[in-house]
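Topology and contacts: notes
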Amino acid sequence: MQPPEVASACIDACQVAADACSGCGRRLDDIAAWSGADSGERLGILMQAARWLADQTPRPWPRRVRDALGNELLLAGPPQRIVSLVPSQTELLFDLGAGERVVGVTKFCVHPPMARDGRRSVGGTKTPDIARIRALAPDLVLANREENRAEDVAAIAAFAPVYVTDINTVVQALAMTRAVGFALGAEARAARLAADIEAAFGDLPRLDGLRCAYLIWRQPWMAAGGDSFIDDVLRRLGLANVFAGQPRYPEVAAMDLAAAAPEVVLLSSEPYPFKPAHADELAALLPQARILPVDGEMFCWPGSRLLPAAAYFRELLPRLAGSAGVQWRDE
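Given the structure is predicted, the values throughout are model-derived calculations rather than measurements. (Residues numbered from 1 in each chain as written. Predicted model: local features only at pLDDT ≥ 70, side-chain atom pairs only at ≥ 80, totals over all residues. Heavy atoms only, no water.)

1. Remarks on the side chain of glutamate 297
Structurally, glutamate 297 can be placed in helix 11 (residues 296-300). The exposure class assigned to glutamate 297 is buried, which follows from its relative accessible area of 13%. The contact partners of glutamate 297, leaving out residues within four places of it in the chain, are Val110, His111, Ser269, Glu270 and Arg305. (Helix = DSSP H or I, 4+ residues; strand = E, 2+ residues; numbered from the N terminus. Buried < 20%, exposed > 50% of the residue type's maximum accessible area, 1.4 Å probe, protein only. Contact = heavy atoms within 4.5 Å.)

2. Examining the environment of threonine 106
Structurally, threonine 106 can be placed in the loop between strand 4 (102-105) and strand 5 (120-121). On a C-alpha basis, the gap between threonine 106 and arginine 116 in space is 8.4 Å, while along the polypeptide they are ten residues apart. Those residues in contact with threonine 106 that lie beyond four places of it in its chain are Ser84, Leu85, Val86, Pro87, Arg116, Ser121, Val122, Gly123, Gly124 and Thr125. Only 3.1 Å separates the side chain of threonine 106 from the backbone nitrogen of phenylalanine 108, close enough to count as a polar contact. (Polar contact = N/O pair within 3.5 Å; in protein donor to acceptor, adjacent residues only side chain to side chain.)

3. Looking at the sheet that holds strand 3 (residues 82-84)
Spatially, the five strands line up as an open sheet ordered 5-4-3-6-7, and their pairing is parallel. Strands with a single pairing partner mark the edges of an open sheet, and in this sheet they are strand 5 and strand 7 (162-165). Examined bridge by bridge, strand 3 and strand 6 (residues 140-144) share three bridges and lie parallel to one another. Of the residues in strand 6, the one forming a bridge with valine 83 is valine 141. Packed on one face of the sheet, helix 5 (residues 150-157) meets strand 6 and strand 7 and runs near 155° to strand 7. (Pairing = 2+ DSSP bridges. Axes fitted to C-alpha atoms, helices over the stretch in contact; angles between N-to-C directions.)

And the structure:
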């Protein structure tokens, strides 16, 4: 039986494999991200996949996986020597049960707390030590289109399989979670995690229409614009990003901020270390706005961090609707 909302996919009638519907051949992640499906429909799809995978014998190896750039990798078996160049995906590897297989991480990989214990540091996300990565003889390297430079990814791909992600929405983050799980041989665990995240986000309250600016830098001021993961998270919370019509991370002058007239300004904890004095500076410019710091990891780490992020947002949202002025965490 085909649900009329998703007429091109036999979701209710077929077995759903890790990467594609065995009945119609359409990729499950494409179905779950279908533009006509609301969060409840996507949750049903993901829950079905999680239940089905939990009862199945794992898919055989070798496996072919295709990354966000369209590159196809042939993995002979579950990767045993993994290097992660993406802090959020390092955390995901541990949460999918592959932590013991991680041999190299960046200096920014701080979650979970033991992420760097006994593992080689391979530099920064933008400054990886290529020679050090080569010496680790990885059989899988995780990278991200935004966080890692294309030239570094190309250099590493010359001697190791590199899986590149590109994530601009929560739905894409769920697809990435499932895809990385499949590449690790942890597809059932990944499907369950993706379903749990979708369920947690679907149960959040919303602040529909509240005009918001999310700032990530000072001198110059920079904000989260449209087509960014942060923008999608804001929309999930019902917040109207006043810079949604701008590029992903636009520079905004003081006059731009004043003209946008946000009702709430969120100061991210990363990448810029905002202080109360910066909030006071904004309060003088935006007397109508409620200004407060937020945990940037919750807004911009796609992966397993989204599960605790949902709980964080549930506590944060009531604090956003209030009187104008600075609301610092230590007050």
